Amino acid sequence: METYPTLRQATGVARTLSRHSSCTMVVYRVTEEKFVTAHPSDHVNGTIEAVFRDGYLVQTLLSKTR
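How each quantity is defined
- Residues numbered from 1 in each chain as written.
- Predicted model: local features only at pLDDT ≥ 70, side-chain atom pairs only at ≥ 80, totals over all residues.
- Heavy atoms only, no water.
- Pairing = 2+ DSSP bridges.
- Helix = DSSP H or I, 4+ residues; strand = E, 2+ residues; numbered from the N terminus.
- Expected span 1.5 Å × (residues − 1).
- Buried < 20%, exposed > 50% of the residue type's maximum accessible area, 1.4 Å probe, protein only.
- Arc of directions from axis to C-beta.
- Contact = heavy atoms within 4.5 Å.
- Polar contact = N/O pair within 3.5 Å; in protein donor to acceptor, adjacent residues only side chain to side chain.

> Describe the pairing of strand β2 (residues 24–31), listing the residues and the values that go with them.
Looking at chain direction, β2 and strand β4 (residues 47–53) are connected through six bridges and run antiparallel. The residue bridging Y28 from the neighbouring strand is I48, located in β4. Note that β2 and strand β3 (residues 34–38) share five bridges and pair antiparallel. Within β3, the residue paired with T31 across the bridge is K34. With antiparallel pairing between neighbouring strands as the criterion, β2 and β3 make up a hairpin whose turn holds two residues.

> Provide a residue-level description of helix α1 (residues 7–21), including the pertinent values.
Look at α1: 21 Å from first C-alpha to last across 15 residues, which is about the 21 Å you get at 1.5 Å a residue. Those residues of α1 lying buried are A10, T11, A14 and S18. Each buried residue of α1 lies within a common arc of 95° when the element is viewed along its axis, so the set occupies one face. Residues of α1 that are exposed and point more than 90 degrees away from the buried face comprise R8 and H20. The elements touched by buried residues of α1 are β1 (2–4), β2, β3, β4 and β5 (56–57).

> So, the pairing of β3: which residues are in play, and what are the values?
Summarising burial for β3: four of the five residues are buried, a large majority. Both β1 and β3 contribute to a ladder of three bridges, which runs antiparallel. Each bridged residue has a counterpart across the sheet, and for T3 the counterpart in β3 is V36.

> How would you summarise the sheet that holds β1 if you had to cite specific residues and measurements?
A sheet is described by the order of its strands in space; here five strands give the open sequence β1-β3-β2-β4-β5, paired in antiparallel fashion. Only two strands of the sheet have a single neighbouring strand rather than two, namely β1 and β5.

> Quick one: what's the story with the side chain of E49, residue by residue and with numbers?
Along the polypeptide, E49 turns up in strand β4. Here the side chain of E49 touches R29 through a polar contact of 3.1 Å, side chain to side chain.

Next up, the structure:
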């Protein structure tokens, strides 16, 4: 679980990690200027912004659409 100041940084890292590790990564908004990338099994108090699997954005019912 890592923390980033912008959504762009967090999504970039989550996309890269999901591609190279062949795992699912979730990006959470914890505060207005704090974003967390984590595995789905990690406990994070925040709003799901995006889910990445194998380097691709996965649309889920839990993530926001843009």
